[in-house]
Amino acid sequence: MTTSVTTPRVPATAAGLRRLYFVRFVFAAVWVAVTLPLAGHLDPVTVTLLVIYPLFDVAAAVADIRASRAAGSPAPLYLNVAVSLLAAVGLAVAGTSGVPAVLRVWGAWAVVAGLVQLIVAVPRRRLGGQWPMILSGGISVLAGASFVAAASADDPALTGAIGYAVPGAVFFLVSAVRLGRAARADASPEVV
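Let me sum up the structure you'll find in this document. On a predicted model such as this, the values are computed, not experimentally measured, just so you know.

Calculation rules
Residues numbered from 1 in each chain as written. Predicted model: local features only at pLDDT ≥ 70, side-chain atom pairs only at ≥ 80, totals over all residues. Heavy atoms only, no water. Helix = DSSP H or I, 4+ residues; strand = E, 2+ residues; numbered from the N terminus. Buried < 20%, exposed > 50% of the residue type's maximum accessible area, 1.4 Å probe, protein only. Contact = heavy atoms within 4.5 Å. Patch = residues over 30% accessible without salt bridge, like charges linked within 9 Å, V, L, I, M, F, W, Y side chains within 5 Å. Areas by Shrake-Rupley, 256 points an atom, 1.4 Å probe, with all protein chains shown as cover. Salt bridge = Lys/Arg side-chain N within 4 Å of Asp/Glu carboxyl O. Axes fitted to C-alpha atoms, helices over the stretch in contact; angles between N-to-C directions. Parallel < 35°, antiparallel > 145°, perpendicular 65-115°, else oblique. Left-handed = near helix turned anticlockwise from the far one by under 90°. Nonpolar A, V, L, I, M, F, W, Y, C, P; charged D, E, K, R; others polar.

A tally of regular secondary structure across the chain gives seven helices and two strands. Per-residue burial over the chain gives 44% buried out of 192 residues. For the chain, the proportion of contacts with a sequence separation of at least 24, taken over those separated by at least 6, is 78%.

So this is what it looks like as structure tokens:
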């Protein structure tokens, strides 16, 4: 006798992360489309948009904490919440000082957030879809260092810092797609 049984091996965490990653992709893509045309000058609207990005990261980290509670310690995600809140405040203050100050804050945030992303993604590899997150974390560290260095240039610009969200968006999309494939593969019926 052959019995078909569906065994969900991918935890609910993967489904929650998949939805979150799609939302992060859409947000980043829209944010870049709105913010990049304003990158030529630092005014209250541009500063507000720059502050919104780490605030969205705070909301995403809170959603990640809720989605992944059963999958391990959320301590690094709490660190991400704190760092992103500090970055939002720092960007609001730096926005009154000019582009170099904004690049330094943005860069420091990218470095720390990238390290946190690595710390979170490496243990999640078993869920699937985490290699893009690991790559994204590493790139974030390097990009952040380049933003800090760019702050000392003769004519620093915000375009690189804003464009930094594009690869992140792509990595979130790839991870979401890969998590969906893993969920479908692991939820397929097994013959017993």
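Past the structure itself, the notes keep going.
A few words on a nonpolar patch on the surface. Taken together, the side chains of Val 26, Val 30 and Val 34 make up a nonpolar region of the molecular surface, amounting to roughly 240 Å² of accessible area. With respect to the helices and strands, the residue Val 26 is situated in helix α1 (residues 12–35).

A few words on the packing of helix α2 (residues 44–67) against helix α4 (residues 99–121). The N-to-C vectors of α2 and α4 enclose an angle of 15 degrees; their axes lie 12 Å apart at closest approach. Accordingly, the angle class assigned to the pair α2 and α4 is roughly parallel. As α2 runs across α4, the sense of the crossing is left-handed. Residues Leu 50, Tyr 53, Pro 54 and Asp 57 of α2 form the contact with α4, whose own contacting residues are Val 102, Trp 106 and Trp 109. When its residues are assigned to classes, the contact of α2 with α4 shows six nonpolar, no polar and one charged.

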